[in-house]
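# Per-entry structural report
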Amino acid sequence: MSDNAQSPKLRLTGVTKSFVAPRTGQRTLAVAEMNLDIQTGEFICIVGPSGCGKSTVLNMIAGLDVPSGGVIEKDGHPVRGPGADRGVMFQDYALMPWQTVEGNVGFGLRHGTPGENLNKEQRNQRIAHFIDLVGLRGSEHKYPHQLSGGMRQRVALARLLANGPDILLLDEPLGALDAQTRLILQAELLRIWGETSPVTERKTAIFITHDIEEAVLLADRVVVMSSHPGRVREVVTIDLPRPRAGTARTNPRFGVLVEQIWSLIRDEAYRAIGGDESLAKPTEEATA
Amino acid sequence: MKNMTFDNRTSVLVRNLTLPVLLIVVWHIWASTLPAGSPAPAPLKVLQTLGDMLGAGSLLSATLQSLGRVVLGFAVASVLGIALGLLMGSSPAVRENLDPIIESFRPIAPMAILPIAILWLGTGTPTALAIVAYASFFPVLINTVHGVSRVDRKLVLAAHTMGISRWTILTRVVLPGALPSILLGTRLAMGVAWTAIIAAELAVGAKSGGGGSGGIGQMMFVFYAYNIDLNAIVVCMAVVGVVALLIDQLFRLVEKRLIPWRP
């Protein structure tokens, strides 16, 4: 692997997170000893049972939360606080209800650091470009409450990209959508992320999801976490060829990878829903 | 009412007006059974008095004077209430320090501070303004704080991830997010302010022996205690009620205009 010579875009070293319950003072270790390297242009998916700390890790990378121990470095420098260089897409969109589509997409450009060196004309052009990119041209003057879930998510994506981050952090962005819209947006995401472009032109992305098939479809590598406390169980490399939209799901390797990842999580997932672990055993032995 | 057909709107109007009109007719019939010189108010005499007062210009000027005081007092109280509300809503430290003082004064009715106000500020406009401001302040403050608490925390986090400064977050995320509650607070405050000014002017009128502090409340007091004219009192009462209604409707209109994003 040639990327050993290149320093990683993002490096987590010994990252831990514990929470202290306010009333009892009891300390809970949410994330334990997490070590991870992510290269520039990689699409990483994080999957794991509920409560394994996936969102906590994302929040720490985003700077919205502080590690209790260890260090998170981006381009070799420790991450301190949130910033536009690490853009976030939230599961419930976090769109400003009083702004139109245009206003939302341009919010960071107009009020935050992304638009600092641009004049009004350039900002407007940038906003229009990304609205077009996500396929929302014509809806610029609508308010979020007038949009469907899929459209809202595309506004959130346009906003994220318009702010020009070098790391995209996506916290279950497609979780609130119906299955068919999700399929469409997965393909859109791959296109916009640049799966048909050379690796050097792609943005680094970290995508949290519960949907294992989604993870296998999108990611270069899938980080499988386990819980109590949260830690990396295994990192699975997805060796499916790109572009994947439209072709990956029919590749036999796809199902194998999904099953491989699910077998790592299955027991814990059953435990998480309070179920009987004996039900978790597969009914047929795999022949591979 | 917007989507109703013309017929539906008229029928709703007719339905709403039937009882009041009926009551006025009953009142008229009762009044006509009274002897000629009776001071009791009667609908026709009220209308005549209304005409006289409008003609003399006294009604309009008194109403405007009261309104002027209300608007000024309300404006001062709103600016203070919104600013402080935003601060208290976003900073637990500020809120903890100010809460005891605010909660101590809130239950004290505006009328209860009238004696002190008159002693300190006299029986003129400053007192009226002080009462109005005091009365308007709390609804604005409390609704602003509530509005801030209802702003989705995710929006603030999202703003942080866009490199937006804390001050800009306050003005561009928290303030717009809290606006529906803030506008509700100002509408309630205006209603309370109008009630307070009438009561304050009545009381001040009493204290100053019917002196010229102006305003419709004071005018009402004069008709009660000095130039006793029950018909004029009814006219004043009606005007107070109509103005309150108009203020409320105006605020609702402004609310709709300022918050186009409400589904």
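Residues numbered from 1 in each chain as written. Chains lettered and ligands numbered in written order. Predicted model: local features only at pLDDT ≥ 70, side-chain atom pairs only at ≥ 80, totals over all residues. Heavy atoms only, no water.

### Details of the interface of chain B and chain A
Interfaces are frequently sized by the accessible area removed from exposure as the parts join. Taken together, the contact between chain B and chain A spans 18 residues of the former and 23 residues of the latter. Of all residues in chain B, the largest losses of buried area upon contact with chain A belong to Thr-161, Met-162 and Trp-261 of chain B, amounting jointly to 36% of the total for that side. At the junction of chain B with chain A, the criterion picks out one salt bridge. Between Lys-154 of chain B and Asp-92 of chain A there is a salt bridge whose closest N-O contact spans 3.5 Å. Inspection of the chain B/chain A interface yields four residue pairs in polar contact (both at pLDDT 80 or more). Sorting the residues of the side of chain B that touches chain A by element identifies α7 (153–160) and α8 (166–207) of chain B as the ones contributing at least two each. Grouping the constituent residues of the side of chain B that touches chain A by class yields 10 nonpolar, five polar and three charged. (Contact = heavy atoms within 4.5 Å. Buried area = accessible area lost by both parts, 1.4 Å probe. Salt bridge = Lys/Arg side-chain N within 4 Å of Asp/Glu carboxyl O. Polar contact = N/O pair within 3.5 Å; in protein donor to acceptor, adjacent residues only side chain to side chain. Helix = DSSP H or I, 4+ residues; strand = E, 2+ residues; numbered from the N terminus. Nonpolar A, V, L, I, M, F, W, Y, C, P; charged D, E, K, R; others polar.)

### Points about the confidence of the model for chain B
Across chain B, pLDDT averages 86, with 95% of residues at or above 70. Quick note on the complex model: pTM equals 0.81, ipTM equals 0.87. (pLDDT = per-residue confidence, 0-100.)

### Describing the pattern of salt bridges
Residues and elements named next belong to chain A. Enumeration according to the criterion identifies 24 salt bridges over all chains in this entry. We note a salt bridge from Asp-75 to Lys-74, for which the minimum N-O separation is 3.8 Å. A relative accessible area of 37% places Asp-75 in the partly exposed class. A relative accessible area of 13% means that Lys-74 is categorised as buried. Of the charged contacts, one joins Arg-191 and Glu-188 as a salt bridge, the two residues approaching to 2.8 Å between their closest N and O atoms. Of this pair, Arg-191 and Glu-188 both sit in helix α6 (residues 179–193), three residues apart, which is roughly one turn of that helix. Since its relative accessible area comes to 41%, Arg-191 is described here as partly exposed. According to the relative accessible area criterion, Glu-188 is partly exposed, its value standing at 22%. (Buried < 20%, exposed > 50% of the residue type's maximum accessible area, 1.4 Å probe, protein only.)

### Regarding the nonpolar core
Grouped together as the largest cluster of nonpolar side chains are 53 residues, with contacts concentrated most on Phe-43, Val-216, Val-222 and Ile-261 of chain A. When residues in this core are grouped by element, the largest group, eight residues, is from helix α5 (residues 149–162) of chain A. Residues lining this core come from more than one domain, with at least three contributed by each of domain 1 (3–79 + 167–185 + 203–287) and domain 2 (86–164) of chain A. Residue contacts for Val-222 of chain A: discarding those within four places in its chain leaves Cys-45, Val-47, Ala-215, Glu-234, Val-235, Val-236, Ile-238 and Ile-261 of chain A. Counting residues in each nonpolar core, the second largest holds 49 residues, with Met-96 and Val-223 of chain A together with Val-156 and Ala-158 of chain B among its members. (Core = buried A, V, L, I, M, F, W, Y, C linked by side-chain atoms within 4.5 Å. Domains from an automatic or database assignment.)

### Structural notes on the confidence of the model for chain A
All names here are of chain A. On average, residues of chain A score 89 in pLDDT, and 93% of them are at 70 or above. The element-level mean pLDDT for chain A is lowest in helix α8 (residues 252–272), coming to 90, with helix α2 (residues 101–105) highest at 97. Note on residues 1–5: pLDDT under 50 across the span, and one contact to partners over four residues away in sequence or across chains.

### Examining the packing of aromatic side chains
Aromatic ring pairs: the centre-centre distance and the angle between the two ring planes describe each pair. Residue and element names in this part refer to chain B. For the structure shown, the criterion picks out seven aromatic pairs over all chains. Aromatic side chains Phe-137 and Phe-138 sit 5.4 Å apart centroid to centroid with 75° between the ring planes, which places their arrangement in the edge-to-face category. The exposure classification of Phe-137 matches that of Phe-138, with both residues buried. A centroid spacing of 5.9 Å and a plane angle of 55° characterise the contact between Phe-221 and Tyr-224, whose relative ring orientation is tilted. Placement of both Phe-221 and Tyr-224 in helix α9 (residues 216–225) is noted, with a separation of three residues, approximately one turn of the helix. (Phe/Tyr/Trp six-rings, centres within 6.5 Å; stacked < 30°, edge-to-face > 60°.)

### Regarding the sheet that holds strand β2 (residues 27–38) of chain A
Residue and element names in this part refer to chain A. An order of β2-β1-β4-β5 is seen for the four strands of this open sheet, with the pairing classed as antiparallel. The sheet is open, and its two edges are formed by β2 and β5 (77–78), each paired on a single side. Bridging between strand β1 (residues 10–20) and strand β4 (residues 69–74) involves five bridges; their strand directions are antiparallel. Note that in β4 the partner of Thr-13 across the bridge is Val-71. Where helix α1 (residues 54–62) meets the sheet, its contacts fall on β1, β2 and β4, and the angle it forms with β1 comes to roughly 115°. (Pairing = 2+ DSSP bridges. Axes fitted to C-alpha atoms, helices over the stretch in contact; angles between N-to-C directions.)

### Some points on the environment of Ala-196 of chain B
Residue and element names in this part refer to chain B. Within the fold, Ala-196 resides in helix α8. Owing to a relative accessible area of 6%, Ala-196 belongs among the buried residues under this scheme. Along the chain, Ala-196 and Val-174 lie 22 residues apart, while their C-alpha atoms are 31 Å from each other. Ignoring sequence-local partners within four residues, the contact set of Ala-196 consists of Met-111, Ile-131 and Ala-135.

### Quick word on unusual backbone geometry
Residue and element names in this part refer to chain A. In this chain, His-228 is followed by Pro-229 through a cis amide linkage whose omega measures -10°. Mapped onto the elements of the fold, Pro-229 is located in the loop between β9 (221–226) and β10 (231–237). Cis geometry is adopted by the peptide bond preceding Pro-243, which originates at Arg-242 and carries an omega value of 0°. Take Pro-243: it is sitting in the loop between β10 and α8. Located in the positive-phi region is Asp-75, a residue other than glycine, with phi close to 55°. Of note, Asp-75 is situated in the loop between β4 and β5.

### Description of the domain arrangement of chain A
All names here are of chain A. Once the domains are mapped, chain A shows domain 1 (3–79 + 167–185 + 203–287) and domain 2 (86–164). Residue-level contacts link 19 residues of domain 1 with 13 residues of domain 2. Across the domain 1-domain 2 interface, the total number found is zero salt bridges. Where domain 1 meets domain 2, there are eight residue pairs in polar contact (both at pLDDT 80 or more). Residue assignment for the side of domain 1 that touches domain 2 shows that the elements contributing at least two residues are α1, β7 (167–171) and α6. Here the side of domain 1 that touches domain 2 takes five residues from β7, the largest share from any one element. For the side of domain 1 that touches domain 2, the per-class residue count stands at 13 nonpolar, three polar and three charged.

### Looking at the sheet that holds β7 of chain A
All names here are of chain A. The strand order across the open sheet formed by six strands is β6-β7-β8-β3-β9-β10, and the pairing between neighbours is mixed. The open sheet is flanked by β6 (86–89) and β10, the only strands paired with a single partner. Neighbour-to-neighbour, the strand axes of this sheet turn through a mean angle of 20°, independent of strand direction. Bridge count for β9 against β10 is six bridges, and the pairing is antiparallel. Within β10, the position partnered with Val-224 by the bridge is Glu-234. Strand contacts of α1: β3 (43–47), β6, β7, β8 (204–208) and β9, with the helix running at about 150° to β7, the strand carrying the most contacts. This element, α8, spans β3, β9 and β10 of the sheet and lies at about 170° to β10.

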